[in-house]
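Report on the structure
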Amino acid sequence: MKIILASNSPRRKEILSSVCQNLEIIPSKAEEISDPSLLPCELAEQNAIVKGEEVYERIKERESDDTYVISADTVVECYGEIFEKPKDRADAEYMISSLSGTAHSVHTGYCIIRLSDGMKVSGFDSTYVTFTELDADDVAYIIDNDNPYDKAGAYAIQGAAAPFICGITGCYNNVVGFPLQAVRAAMLENFGVKIEN
């Protein structure tokens, strides 16, 4: 089995490559949608679909029963507000400060497309993360050490924010950016294949 990851995220590549030796990276060129009528989890799923379909359309002539395009999109939700990738430092400061001393949701949508016939499966996984109280120095530390501008919510759970996280409910990999367990279950149920082949 071969997986084509429709993302240039090093974190998604690292997670997938730990279980799939035959992995190819083809970053999606799709523009992400922003639809206020969608719930945050639905937005993550729809953006994953858009990304996956764009790559599938580019490479579908390869036609292989054993090749799957997989895409993902992550959003952070705090009190109903969607935090995607911050635009600048002020935006990152606002996001991280908002997460201080509270629990928030991390939603990662996924899309799996079989290359041979375009059969598509999508879904999302949600994880709940709790931060300790943060002061201004803590916020600055996270921003200065985590390169927040390529991360939904402006932090990496495996990075500088780690010492400030006091609780997590759900899939850890989902917060990193790829819901490995959910994708594995979806592939097994819908395509009859194991992702770790």
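Data block above holds the structure.
The sections below set out a description of the structure shown in this document. Starting from 1, residues in each chain are numbered consecutively following that chain's sequence as written. With the structure being a predicted model, the display of local features is reserved for residues of pLDDT at least 70 and the display and counting of side-chain atom pairs for 80 or more, all residues being used for whole-chain, interface and lining totals. Processing note: side-chain calculations cover all non-hydrogen atoms of the structure and skip hydrogens and water entirely.

In this section: the nonpolar core. One broad trend across soluble globular proteins is that nonpolar side chains are buried collectively. Among the nonpolar cores identified, the biggest contains 44 residues, and Ile112, Phe131, Tyr155 and Met187 are the most heavily contacted of them. Note on conventions: DSSP H or I runs of at least 4 residues are helices, E runs of at least 2 residues are strands, and numbering of each starts at the N terminus. Among the elements that line this core, the one with the most residues is helix α6 (residues 180-191), at six residues. The set of buried Ala, Val, Leu, Ile, Met, Phe, Trp, Tyr and Cys residues whose side-chain atoms join them within 4.5 Å is what this entry labels a nonpolar core. Using a 1.4 Å probe on the protein chains alone, a residue whose accessible area is under 20% of its type maximum counts as buried, one over 50% counts as exposed, and one in between counts as partly exposed. Membership of the second largest hydrophobic core comes to twelve residues, among which are Ala6, Ala48, Tyr56 and Cys111.

What follows deals with helix α3 (residues 89-99). Asp91, Ala92, Met95, Ile96 and Leu99 are the residues of α3 that are buried. Mapping the buried residues of α3 onto a view down its axis gives an arc of 125°, with all of them on the same face. Contacts are residue-level and defined by heavy atoms, with any inter-residue pair within 4.5 Å sufficient. Buried residues in α3 make contact with β3 (67-78), β4 (81-83), β5 (103-114), β6 (120-131) and α4 (136-146). Structurally, the start of α3 carries an N-cap: the backbone nitrogen of alanine 90 is 3.3 Å from a side-chain oxygen of aspartate 88. Backbone geometry just after α3 places glycine 101 at a positive phi near 65°. The arc under discussion is defined with respect to the helix axis, by the directions toward the C-beta atoms. What qualifies as a polar contact is a pair of N or O atoms within 3.5 Å, subject to a donor-acceptor requirement within protein and to the restriction that residues adjacent in sequence count only when both atoms come from side chains.

Mapping glutamate 24 onto the fold places it in strand β2 (residues 23-25). Sequence-wise, glutamate 24 and valine 121 are 97 residues apart; in three dimensions their C-alpha atoms are separated by 20 Å. Sequence-distant contacts of glutamate 24, defined by excluding residues within four places in its chain, comprise Lys2, Ile3, Ile4, Leu5 and Arg62. At 2.7 Å, the side chain of glutamate 24 forms a polar contact with the side chain of lysine 2.

Here an axis means a line fitted to C-alpha atoms, over the contact stretch when the element is a helix, while the angle between two N-to-C directions is reported on a 0 to 180 degree scale. Axis separation between α3 and α4 bottoms out at 10 Å; the angle between their running directions is 125°. It follows from the interaxial angle that α3 and α4 lie oblique. Crossing handedness for the pair α3 and α4: right-handed. In this structure, α3 contributes Arg89, Ala92, Glu93, Ile96 and Ser97 to the contact, and α4 contributes Val139, Ala140, Ile142, Ile143 and Asp144. For this classification, under 35 degrees means roughly parallel, over 145 means roughly antiparallel, 65 to 115 means roughly perpendicular, and everything else is oblique. In this scheme the crossing of two helices becomes right-handed for a clockwise turn of the near helix relative to the far one and left-handed for an anticlockwise turn of less than a right angle.

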